[in-house]
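Observations on the model geometry
Okay, here's what each chain looks like letter by letter:
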Amino acid sequence: MITTIQYRTSTASFTGVELGIDSDGFFELDKQPKNVAVIGGGYIGVEICGMFKSFGSGADLFIKESRPLIHFDELLGNGVAEQFANIGVAVHSNLKIEGLERGANDTITVLANGQKYAGYDCVLWAVGRTANSDTIGLEKLGMRLNDRGRLHVDKYQYTGVKNIYAVGDITGQKELTPAAIAAGRKLASRLFNRDEEAHLDYENIPSVVFSHPPCGSVGLSQEQAELKYGKEAIKIYHTSYTPMYHAMTEFKSKCAVKMITVGEEETVIGLHLVGLGSDEMLQGFAVAVQMGATKKQIGATIPIHPTSAEEVIILAAK
């Protein structure tokens, strides 16, 4: 069983890599930096950038894509970018990061698109990680690895080599701890409890980004739904609102919801949330999506007032 492999940050193509830190280095900081550049717009980059800002540091996000969280529904990336703008985090997008160099007064300068972004006393690399699986001879056993060092497995977590299975991040299927635990339990049930068809269904796994504010998704993004079913077969419902928590606060943090349905019965195949409480809300609604609930069924539920979750019910009831 292969479950855990050490990873290295994927910075080989950049110059001045040693001037920055990675997410491990974040936890080793012994003092708060004044100005931080975070390079990378995925989970880690978005979460840590928001943390630095909430601590009171200046924070900028540098990404190669057009928006943060590019692998999620566009509602999340656009929502995070909007909220970042509201709290003073600059998002520099569509960049080709070239590297780092030492600047004046021992600061660090980010080099991108032929330009220089100067004045940072901390730069954090959040550009993804490559597994160290190339150091333990897996290819000699006939296992297939992709360019990020992840192992190819089938739906039963089988590597193709007799009696060797793999679960978790090393497979690149869904790099979430609860998914790895669930896959391991299914595999154990199949191998030791004679449950021959036991395997993890990797569809409809909910995922939350603990940004500021949090956001999350379950099911298909709009782009994925259109590719799978066609634009004509799906319907999109969305709403935005200011949660009552902020009714009397000076700063108003917006929330947004997108619901994607398919077919005449309007089965919910995607639900995407941005804003305060999204993490807790999504866990409950993920159960409904996993069970194949329709928009009508969700809308028939009596909402709890006053909560943000009721906005999903109200949207479904329309």
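The residue numbering used here restarts from 1 in each chain and proceeds along that chain's sequence as written. With the structure being a predicted model, the display of local features is reserved for residues of pLDDT at least 70 and the display and counting of side-chain atom pairs for 80 or more, all residues being used for whole-chain, interface and lining totals. The side-chain figures draw on all heavy atoms in the structure; neither hydrogens nor water molecules are used.

Some details on the overall build of the protein
Each helix is a run of H or I in the DSSP string that is no shorter than four residues. Each strand is a run of E no shorter than two, and both are numbered from the N terminus. Each helix and strand in the protein was counted, giving eight helices and 14 strands. Note that the radius of gyration is over C-alpha atoms, with the globule rule given as 2.2 Å times the number of residues to the power 0.38. Its C-alpha atoms give the protein a radius of gyration of 22 Å, near enough to 20 Å, the size a compact globule of 318 residues would have. For the protein, the spread of C-alpha atoms along the three principal axes comes to 60 × 60 × 35 Å. Of all 318 residues assigned to the protein, the portion counted as buried reaches 47%. Contact criterion: two residues are considered in contact whenever any of their non-hydrogen atoms come within 4.5 Å of each other. Of all intrachain contacts in the protein linking residues separated by at least 6 positions in sequence, the fraction that spans at least 24 positions is 58%. Per-residue accessibility takes into account occlusion by the displayed protein chains alone, with areas from the Shrake-Rupley method and a 1.4 Å probe. Accessible surface, the protein: about 17,100 Å² in total, of which carbon and sulfur atoms supply 52%. Any residue under 20% of the maximum accessible area for its type is buried, any over 50% is exposed, and the rest in between are partly exposed; the area is computed with a 1.4 Å probe on protein chains only.

A short note on the pairing of strand 11 (residues 215-219)
Walk down a regular strand and you will see the side chains alternate between the two sheet faces. Extensive coverage of strand 11 is indicated by the burial of four of its five residues. Between any two strands, at least two bridges found by DSSP are needed for them to pair. Judged from the three bridges that link them, strand 10 (residues 207-209) and strand 11 form a sheet pairing that is antiparallel. In the sheet register, Ser207 faces strand 11, and the bridge partner there is Ser217. The turn joining strand 10 and strand 11, which pair antiparallel and follow one another in sequence, is formed by five residues.

A short note on the sheet that holds strand 14 (residues 267-274)
One open sheet holds the five strands; their spatial order is 10-11-14-13-12, and the pairing between them is antiparallel. Of all strands in the sheet, those with a lone pairing partner are strand 10 and strand 12 (234-241), marking the two edges. On average, adjacent strands in this sheet sit at an angle of 15° to one another, irrespective of strand direction. Note on geometry: axes are C-alpha line fits, over the in-contact stretch for helices, and angles between N-to-C directions span 0 to 180 degrees. The strands touched by helix 6 (residues 278-290) are strand 10, strand 11, strand 12 and strand 14; relative to strand 14, the strand with the most contacts, the crossing angle is about 175°.

As for the layout of surface pockets
Taken as a whole, the second largest pocket spans an internal volume of roughly 560 Å³. The wall of the second largest pocket is formed by 20 residues, among which Pro178, Asn204, Ile205, Pro206 and Gln283 lie closest to the centre. Those elements giving two or more residues to the lining of the second largest pocket turn out to be helix 4 (177-192), strand 10 and helix 6. By residue number, the principal contributor to the lining of the second largest pocket is helix 6, which donates seven residues. Residues are grouped as follows: Ala, Val, Leu, Ile, Met, Phe, Trp, Tyr, Cys and Pro are nonpolar; Asp, Glu, Lys and Arg are charged; every other residue, Gly included, is polar. Residue composition of the lining of the second largest pocket, grouped by class: twelve nonpolar, four polar and four charged. With a 1 Å grid spanning the protein atoms alone, the term cavity applies to any set of points in which a 1.4 Å probe fits but cannot get out, the term pocket to an open set with protein on both sides within 12 Å along at least five of seven lines, and the term lining residue to any residue with an atom within 4 Å of a point. Grid points are joined across faces, edges and corners, and a volume is the space filled by probe spheres set on the points.

Observations concerning the sheet that holds strand 7 (residues 115-120)
Hydrogen bonds between backbone atoms are what pair the strands of a sheet, whose relative direction is either parallel or antiparallel. Pairing in this open sheet of three strands is antiparallel, and the strands run 5-6-7 from one edge to the other. Two strands lie at the open edges of the sheet, namely strand 5 (97-102) and strand 7, each paired on one side alone. Geometrically, the sheet is characterised by an average inter-axis angle of 20° between neighbouring strands, direction not taken into account. Pairing geometry for strand 5 and strand 6 (residues 108-112), over five bridges, is antiparallel. Across the sheet, the residue bridging to Gly99 is Leu111, located in strand 6.

Keep in mind that these numbers describe shape and distance, not what the molecule does.
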